[in-house]
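One letter stands for each residue in the lines below.
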2 protein chains.
Amino acid sequence: MASILEQEIREQPEIMRRMIDQESKKVKAICDKLRGRFDYIIIAARGTSDNAARYAKYTLGSFNHFPIALATPSLFTLYNRPPQFKRSLIIGISQSGQSLDIGAVLNEARRQGQATLAITNFPDSPMGANADYVIELHCDIEHAICATKTYTSSLIAIALFSAFLADDQARFNQVKKIPDWMAQTILDCEPSLDRAERYRYLEHCAVIGRGFNYATAFECALKIQELTGIVAEPYSSADFRHGPIAMIDKGDPIIAIAPSGKVRDDLAKLINEVRARGGEFIIISDDSSLLKQGKLGMPIPTDIPEWLTPMVAIIPAQIFALRLAEAMGVDVDKPHGLSKVTETW
Amino acid sequence: MASILEQEIREQPEIMRRMIDQESKKVKAICDKLRGRFDYIIIAARGTSDNAARYAKYTLGSFNHFPIALATPSLFTLYNRPPQFKRSLIIGISQSGQSLDIGAVLNEARRQGQATLAITNFPDSPMGANADYVIELHCDIEHAICATKTYTSSLIAIALFSAFLADDQARFNQVKKIPDWMAQTILDCEPSLDRAERYRYLEHCAVIGRGFNYATAFECALKIQELTGIVAEPYSSADFRHGPIAMIDKGDPIIAIAPSGKVRDDLAKLINEVRARGGEFIIISDDSSLLKQGKLGMPIPTDIPEWLTPMVAIIPAQIFALRLAEAMGVDVDKPHGLSKVTETW
């Protein structure tokens, strides 16, 4: 029988369809109330949700033109010296809504009279209950320790928020296609993924993405690390050239998140540079010429607008991490003594 | 004869003394002009300078109460969709002042009529020449590929900016003590550092810091990675509990940046948790009870205010990375084919 984790990975297309159906109107109403009320956005999040925040930086930055800062929760908790906000929106992202430090950021923001928005699977959680507005993830309970569906639904929450805030019906229509793209990707990747076994004795690797898929690189690395214990380091292609490129001399493979779009050429160039130094690639892309340059190529559909590729490109990464953990004999539903809700303060 | 890198590490106390002497008045004048003109700060930086930006997030956040965002340069370059700034200060940090993407962020900020500040070793560089204000690093030319003195002087630039912006003479007086603390640290750490050889065959490690020293964790990891090729991953203690803690089952050591102050107890707790799971530590601290818990303990002076520990705590980390690279037979002045100025766009 499939693991709980595998079931949760596979149910993502249906969960996303339901989330878009049930939450879109509410997100639109929230946007109608918030529009024009803030000049910049602060996001507080940890772990997987922090990777969703990275996606928000690019999506709300590029389409909605807001400067976005990731909060430093310890300034609110350990140091008790919070920044002074003015005309800002503070967004908390936490599937459980239980993180004390994320809650502390939102509470301080409310104290300062700022608008607050919670993105959570539990609207009745402390974070949900204390925020002015809530976007619900509609994921049922996520039983696997390793977050998958709550990550992709958080990205969709952000995409819906971006589209409605800009009153952009065309982009909302694009979001509605995500469940189909996800389902197609699960089918298309299956054959390549048996070959995850190649990496059974891998000790470390880098994961590279840029722009919208900078978040995908971080989330892919986190899934590999959580499930397998393999050290996986996320980088943008720009930062990778500032030093870490030295590591490829040791033969470690690099996972490249390289969909068509504005970052494609930069990634293609890096792939060539690294291959010239003897490096080996695992590639997630819709571009068949790039896929061929990987020892392992995992295809995604070709017609996805770049800003929505992160929700789809993470799927092969999730399954890759799952298959690799299985090849290593890990109990993927209870990996390495991790717990679902991590208390941080 | 000592390597260029070692000479540059050792000259830091003198460079910092000169930088503080020669630049403080100018920084004060810049602050007098900028005070009250902005509500939040955006920082654009890459590589080592990005770690200085992490320090700025905590220092300008906690003492000056500004929300701070790290810029996403690709929104300005690849995507050509920059955010809309209002009443903001945009700071670029680049020792060379040559990074095209950092320059693009500052140019767009000027186009939008925002205040711009460059922190650079080359005031006449493109970034320096285009900014409204410049803080100069006074480091002479940094010949080693691996940045050391330009990192610590960037931190001092930020500390001076924070103190003068708040018109806080007491904190300025604290900054003036940094060169002595640095010199003392170089002396005190020498004996422990011969033991860097223990890690000759190390393949990966984690580096943990929080708050002001979150930056130190990133910079320590980057130096180890650049000089030795060992995979070193930086984490805050909070994020480390969200998954990566699983890696310690493999016996990898953890470097903890754990000075006295608000984060000390959190770090001490994590050290206990990890040691209970069999993990091994390298510890940089002024606290003798914590230092004893490390297989290798590197002391810093006891009387440093927490906000200034990053300039001092990075020194043992730099020397540790240097000694380890030497033990591995690396030419530390030309490690792994890295180049000094990395072109990113």
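Residues numbered from 1 in each chain as written. Chains lettered and ligands numbered in written order. Predicted model: local features only at pLDDT ≥ 70, side-chain atom pairs only at ≥ 80, totals over all residues. Heavy atoms only, no water.

Draft legend 1. View of the side chain of Asp50(A). Residue and element names in this part refer to chain A. By the secondary structure assignment, Asp50 is in helix H3 (residues 47-62). Here Asp50 falls in the buried class, since its relative accessible area comes to 14%. Apart from residues no more than four positions distant in its own chain, Asp50 is found in contact with Ala45 and Leu70. (Helix = DSSP H or I, 4+ residues; strand = E, 2+ residues; numbered from the N terminus. Buried < 20%, exposed > 50% of the residue type's maximum accessible area, 1.4 Å probe, protein only. Contact = heavy atoms within 4.5 Å.)

Draft legend 2. Geometry of helix H14 (residues 309-327) of chain A. Residue and element names in this part refer to chain A. Taking 1.5 Å per residue, 19 residues should reach 27 Å; H14 reaches 28 Å between its end C-alpha atoms and fits that length. In terms of burial, H14 is largely enclosed, as 17 of its 19 residues are buried. Following H14 by one or two positions, Gly329 has its phi on the positive side, about 80°. (Expected span 1.5 Å × (residues − 1).)

Draft legend 3. Region of interest: the confidence of the model for chain A. For chain A, mean pLDDT is 93; residues scoring 70 or higher make up 95% of the total. Scored by ipTM, the complex comes to 0.89, with pTM at 0.93. (pLDDT = per-residue confidence, 0-100.)

Draft legend 4. Inspection of helix H7 (residues 149-165) of chain A at higher detail. All names here are of chain A. Relative to the 24 Å expected for 17 residues at 1.5 Å per residue, H7 spans 24 Å between its end C-alpha atoms, a close match to the ideal helical length. For H7, a buried count of 17 out of 17 residues is recorded, marking the element as mostly surrounded by other parts of the structure. Positive phi shows up at Asp167, right after H7, with a value of about 55°.

Draft legend 5. Main features of the nonpolar core. Phe161(A), Phe320(A), Phe161(B) and Phe320(B) are the most contacted members of the largest nonpolar core, which totals 265 residues. Residues within four places of Phe320(B) in sequence aside, it is in contact with Leu193(B), Ala196(B), Tyr199(B), Ile224(B), Ile255(B), Ile282(B), Leu296(B) and Met298(B). (Core = buried A, V, L, I, M, F, W, Y, C linked by side-chain atoms within 4.5 Å.)

Draft legend 6. Examining the sheet that holds strand E6 (residues 204-208) of chain B more closely. Residues and elements named next belong to chain B. One open sheet holds the 5 strands; their spatial order is E7-E6-E8-E9-E10, and the pairing between them is parallel. Since the sheet does not close on itself, it has two edges, and those belong to strand E7 (231-235) and strand E10 (296-299), each with one partner. With strand direction ignored, the average angle separating the axes of adjacent strands in the sheet is 15°. Bridge count for strand E8 (residues 254-257) against strand E9 (residues 281-285) is 4 bridges, and the pairing is parallel. Residue pairing across strands places Ile254 opposite Phe281, the latter belonging to E9. In the packing of helix H9 (residues 214-228) onto the sheet, the strands contacted are E6, E7 and E8, and the crossing angle to E7 comes to about 175°. (Pairing = 2+ DSSP bridges. Axes fitted to C-alpha atoms, helices over the stretch in contact; angles between N-to-C directions.)

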